[in-house]
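One-letter residues, chain by chain:
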Amino acid sequence: MTTTENPAIGESAEGNGIRTNYLEGGKGDEHVVLIHGSGPGVTSYANWRLVIPSLAEDFHVVAPDMVGFGYSDRPEGVNYSLDTWADQTVGLMDTLGIQKAHLVGNSFGGGIALRIATRHPDRVGKLVLMGSMGVPFPITEGLDGVWGYDGTLEGMTQVMDYFAYDKSLTGAELAQVRYEGATQPGFQEAFSSMFPAPRQRWVEAMTVPEEEIRALPHRTLIVHGREDQVIPLANSYRLEELLDNADLAVFSHCGHWSMIERTADFNRLVRDFFLGD
């Protein structure tokens, strides 16, 4: 991982024509690509800073910023869509010479991982879907609030409150940091253009047809926080029904941030899953 004043800025490479910022760790023949969620001010660093060191002990790990988020370019006229983000990720894999990778998708990143797996099944090893989108559901108050972030510190404080079960994790300091991240030049403008109201349509836009999900043969681990206010736990039950080769783990006393609220359990579970048969 490149050392800079800003730990969220790592390496840079083309992903389907988009200059993509990504964090990298570890070495080895097996690769893991981490796909972040869609909160305001999110970066791959914000989502995966506690996960990369653990997985890097056994795998080559790549964690990109999706176009419209973090420190990847925001080309004028880009169409923010499930296919755009999936194509960016596969394009980055191509640039980095990664023929096949395990995918870990958080929330909106889970929908992207499912889209990649259905379009490019031979490029995907195992799948981890965490608090995942990808199937239809009535939009929650939490997700509507997250996608409707208004660009203010007060608004960010409200958004952060939706994410974690343990409110000590989402206090004033985190809200301030995420607010500063979200309001850098161009960041909020891009974010607010992605999911304008009414927002139920963007839930539908992040879905993958159920018959395509049902056809996936990949070993899959589904993880969800029982107290998730952003993506309903019912999503993961539905995915577990659809995916023939899937197991489900539900964490108690945990909201939408399994990898932050239950870091040790999440890292152990995912490492063991990828290392197993």
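Residues numbered from 1 in each chain as written. Predicted model: local features only at pLDDT ≥ 70, side-chain atom pairs only at ≥ 80, totals over all residues. Heavy atoms only, no water.

Thoughts on the sheet that holds strand S3 (residues 31–35)
Paired through their backbone hydrogen bonds, the strands of a sheet run either parallel or antiparallel. Spatially, 8 strands are ordered S1-S2-S4-S3-S5-S6-S7-S8 in an open sheet, and the strand pairing comes out mixed. Of all strands in the sheet, those bounded by a partner on one side alone are strand S1 (11–15) and strand S8 (246–251). Each neighbouring strand pair of the sheet contributes to a mean axis angle of 25 degrees, computed without reference to strand direction. Direction of pairing for strand S6 (residues 124–130) relative to strand S7 (residues 220–225): parallel, over a ladder of 4 bridges. (Pairing = 2+ DSSP bridges. Helix = DSSP H or I, 4+ residues; strand = E, 2+ residues; numbered from the N terminus. Axes fitted to C-alpha atoms, helices over the stretch in contact; angles between N-to-C directions.)

Let's talk about the packing of helix H3 (residues 82–95) against helix H4 (residues 108–119)
The geometry of H3 relative to H4 is characterised by a closest axis approach of 9 Å and an angle of 70 degrees between their N-to-C directions. On the basis of the axis angle, H3 is roughly perpendicular to H4. On H4, the residues that touch Leu82, Asp83, Trp85, Ala86, Thr89 and Val90 of H3 are Phe108, Gly111, Ile112, Arg115, Ile116 and Arg119. Broken down by class, the residue content of the contact of H3 with H4 amounts to 7 nonpolar, 2 polar and 3 charged. (Parallel < 35°, antiparallel > 145°, perpendicular 65-115°, else oblique. Contact = heavy atoms within 4.5 Å. Nonpolar A, V, L, I, M, F, W, Y, C, P; charged D, E, K, R; others polar.)

Quick word on the packing of aromatic side chains
Applying the stated criterion across every chain yields a total of 11 aromatic pairs. Note on Phe69 and Phe191: the rings are 6.3 Å apart at their centroids and 70 degrees apart in plane angle, and the pair reads as edge-to-face. On the criterion of sequence distance, the pair formed by Phe69 in the loop between strand S4 (60–64) and H3 and Phe191 in helix H8 (residues 187–194) is long-range, its members being 122 residues apart. Phe69 sits in the buried class, given a relative accessible area of 2%. Linked through ring pairs, Phe69, Tyr80, Trp85, Phe108, Trp147, Phe191 and Phe195 together constitute an aromatic cluster. Seen from the ring of Phe187, Arg74 lies directly overhead, with NZ or CZ sitting 4.1 Å from the centre. One cation-aromatic arrangement involves Lys126 over Phe273; the distance from NZ or CZ to the ring centre is 5.1 Å. (Phe/Tyr/Trp six-rings, centres within 6.5 Å; stacked < 30°, edge-to-face > 60°. Buried < 20%, exposed > 50% of the residue type's maximum accessible area, 1.4 Å probe, protein only. Lys NZ or Arg CZ within 6 Å of the ring centre and 35° of its normal.)

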